[in-house]
Amino acid sequence: MTITVWSDIRCPFCYIAKRKLENAISQFSHKEEVKVEWKSFELDPNLQTNTSINTIDYYVSKGAGKQQMIDLFSNATKMAKEVGITFNLNDIVVANSFNAHKLVHVAKTINKQNEAKELLLKAYFTDGKNIDDINVLLNIGTSLGFEIVDLANKLKDKALDISIREDQKQAKEVGVSGVPFFVFNNKEAISGAQSEEVFLEVIKKTYQE
């Protein structure tokens, strides 16, 4: 059984939903048969990495209300804490996620896509790392088992750009307008940070079908 997930490393609810999905899978009696495949989605492909601006101030500069963003981030932090994730939203670096998505694709070649996704989300939301910085990506990659020089070369491969664009093209075809978005065995689809119970129910239903 394959669960295909479109998400962005910059999306707080994608991190929360990832944990809820994993908790649901752990309760499933055939969990060893479940594979999660991560697809790339960029919330803002045109975002310019800027290490000199606070993430809330960045959204305000784009037209969002400051109190609205503070409330949104506060709510996300509370939701994250409920599933054992620490968000340090004041430390988030305003960073484009395209290169981070490349690392997730490279990690797929050694069956460590899920681990790469987890480490990137933690780097961004918890550790305040710049996920557009090649050295940050190389450090995460070496912890997955890659040799640093080999990984640096792999991340330069233009075929990765094509793979990410293909993910995004598929997202449009499927009708993904926001993330996280989950497709179960190409049959059932749900979006958002659903409860563990909802995830488990859909997993069971799809598996039986």
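The rules we used
Within each chain, residue numbers correspond to sequence positions counted from 1 in written order. The predicted origin of the model limits local features to residues at a pLDDT of at least 70 and limits the giving and counting of side-chain atom pairs to 80 or more, whereas totals for whole chains, interfaces and linings rest on all residues. Note: side-chain values were computed over all heavy atoms of the structure, leaving out hydrogens and water. Note on conventions: DSSP H or I runs of at least 4 residues are helices, E runs of at least 2 residues are strands, and numbering of each starts at the N terminus. For the radius of gyration, the atom set is restricted to C-alpha positions; the globular benchmark scales as 2.2 Å times the number of residues to the power 0.38. For the area figures, the Shrake-Rupley method with a 1.4 Å probe applies, and any residue is considered shielded solely by the protein chains shown. His is not counted here, nor are the chain ends, while Lys and Arg score as positive and Asp and Glu score as negative. Charged groups are reduced to one reference atom each: NZ for lysine, CZ for arginine, CG for aspartic acid, CD for glutamic acid. Should any heavy atoms of two residues lie within 4.5 Å, those residues are considered in contact. Within 3.5 Å is the distance limit for a polar contact, defined as a pair of N or O atoms, with the added protein rule that one can donate a hydrogen and the other accept it, and that residues adjacent in sequence qualify only through two side-chain atoms. Should DSSP find at least two bridges between two strands, the strands are regarded as paired. When the strands point away from the viewer, a crossover counts as right-handed if the path from the first strand over the helix to the second runs clockwise.

Asks: Tell me about the overall build of the protein chain, and please be specific about residues and values.
Replies: Scanning the protein chain from N- to C-terminus turns up nine helices and six strands. Against the 2.2 N^0.38 benchmark of 17 Å for 209 residues, the protein chain shows a C-alpha radius of gyration of 17 Å, consistent with a compact globule. Principal-axis analysis of the C-alpha atoms gives the protein chain an extent of 50 × 45 × 30 Å. Summed over all atoms, the accessible surface of the protein chain reaches about 10500 Å², with 47% contributed by carbon and sulfur. Computing the positive centroid from 26 side-chain charges and the negative centroid from 28, the protein chain places the two 1 Å apart.

Asks: Could you give an account of the environment of E118, naming the residues involved and the relevant values?
Replies: Within the secondary structure, E118 sits in helix α5 (residues 113-125). Along the sequence, E118 and K18 sit 100 residues apart, while their C-alpha atoms lie 8.6 Å from each other. Look past the residues within four positions of E118 in its chain and what remains in contact with it is Y15, K18, R19 and E22. Within the structure, E118 has its side chain in polar contact with the side chain of R19 (distance 2.6 Å).

Asks: A description of the environment of S52 should follow, citing residues and the corresponding values.
Replies: For S52, the position within the fold is in strand β3 (residues 50-54). Taking C-alpha positions, S52 is 17 Å from N88, a pair spaced 36 residues apart along the chain. At 2.6 Å, the side chain of S52 forms a polar contact with the side chain of N50.

Asks: Please give an account of the pairing of strand β2 (residues 35-40) that cites residues and values.
Replies: The pairing of strand β1 (residues 2-7) with β2 spans six bridges and is parallel. Bridging from a neighbouring strand, S7 pairs with S40 of β2. What joins β1 to β2 is helix α1 (residues 12-26), and the crossover it makes is right-handed.

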